[in-house]
Amino acid sequence: MANIKSAKKRILVNRTKAARNKAIRSAVKTSIKKVEVAVQNKDKEAAQAALTNAISTISKATSKGVYHKNNCARKVSRLTKAVNSIG
């Protein structure tokens, strides 16, 4: 355990930030899974709705610094490609 006051504070702040990042990552993963399930079921309307929600969630995570912008772009691109593949 840290003895210095500033080090103790850093530990607390890092725990708080880690919990926040974990919650945001979890929300992103959930939204991605919803799109993938809709694509597997070949439900175009549900996939489109889930995609809109997923893009919003991913963009928010990127703006908060949880994901790198290229990682965000890659996730959005793959989801969009999957939804567009539904014939």
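For the structure, see preceding data.
Basis of the calculations
Residues numbered from 1 in each chain as written. Predicted model: local features only at pLDDT ≥ 70, side-chain atom pairs only at ≥ 80, totals over all residues. Heavy atoms only, no water. Helix = DSSP H or I, 4+ residues; strand = E, 2+ residues; numbered from the N terminus. Rg over C-alpha atoms; globule rule 2.2 N^0.38 Å. Buried < 20%, exposed > 50% of the residue type's maximum accessible area, 1.4 Å probe, protein only. Contact = heavy atoms within 4.5 Å. Areas by Shrake-Rupley, 256 points an atom, 1.4 Å probe, with all protein chains shown as cover. Expected span 1.5 Å × (residues − 1). Arc of directions from axis to C-beta. Patch = residues over 30% accessible without salt bridge, like charges linked within 9 Å, V, L, I, M, F, W, Y side chains within 5 Å. Salt bridge = Lys/Arg side-chain N within 4 Å of Asp/Glu carboxyl O. Lys, Arg positive; Asp, Glu negative; His and termini not counted. Charge placed at Lys NZ, Arg CZ, Asp CG, Glu CD.

K.L.:
When you look at the overall build of the chain in this model, what are you seeing that I'm missing?
P.N.:
Along the backbone of the chain there are 3 helices and 0 strands. Across the chain, helices and strands are ordered from the amino to the carboxyl terminus as α-α-α. For a compact globule of 87 residues, the expected C-alpha radius of gyration is about 12 Å, and the chain comes in at 17 Å, more than 25% above that figure. On the principal axes, the C-alpha backbone points of the chain span a range of 60 × 20 × 15 Å. Buried positions account for 28% of the 87 residues belonging to the chain. Considering only residue pairs separated by 6 or more positions, the chain has 61% of its internal contacts joining residues 24 or more positions apart. Within the structure as shown, the chain displays about 6,300 Å² of accessible surface, and the carbon and sulfur contribution to it stands at 54%.

K.L.:
Would you take a moment to explain the side chain of Thr 62 for this structure?
P.N.:
For Thr 62, the position within the fold is in helix α2 (residues 44-63). You can call Thr 62 buried: its relative accessible area is 19%. In this view, Thr 62 contacts Tyr 67, His 68, Lys 69 and Cys 72; residues no more than four positions away in its chain are not counted.

K.L.:
Even after reading the chapter, I still don't get helix α3 (residues 69-84), so can you show me in this structure?
P.N.:
An α-helix turns once every 3.6 residues. As a result, residues three or four positions apart point the same way. End to end, α3 covers 22 Å across 16 residues, agreeing with the expected 22 Å (1.5 Å per residue, within 8%). Among the residues of α3, those classed as buried are Asn 71, Cys 72, Val 76, Leu 79 and Val 83. The arc enclosing the buried residues of α3, seen along the axis, measures out at 130 degrees, which places them on a common side. Exposed positions of α3 whose direction lies more than 90 degrees from the buried face are Arg 78, Lys 81 and Asn 84. For α3, the elements touching its buried residues are α1 (5-40) and α2.

K.L.:
Any chance you could explain a positive patch on the surface here in plain terms?
P.N.:
A cluster of basic residues, Lys 5, Lys 9, Arg 10, Lys 17, Arg 20, Lys 60 and Lys 64, forms a positive patch at the surface. In terms of residues, the positive patch owes the most to one element, α1, which gives 5 residues. Position of Arg 10 among the secondary structure elements: in helix α1. Among the residues examined, Arg 10 registers a relative accessible area of 46% and is labelled partly exposed.

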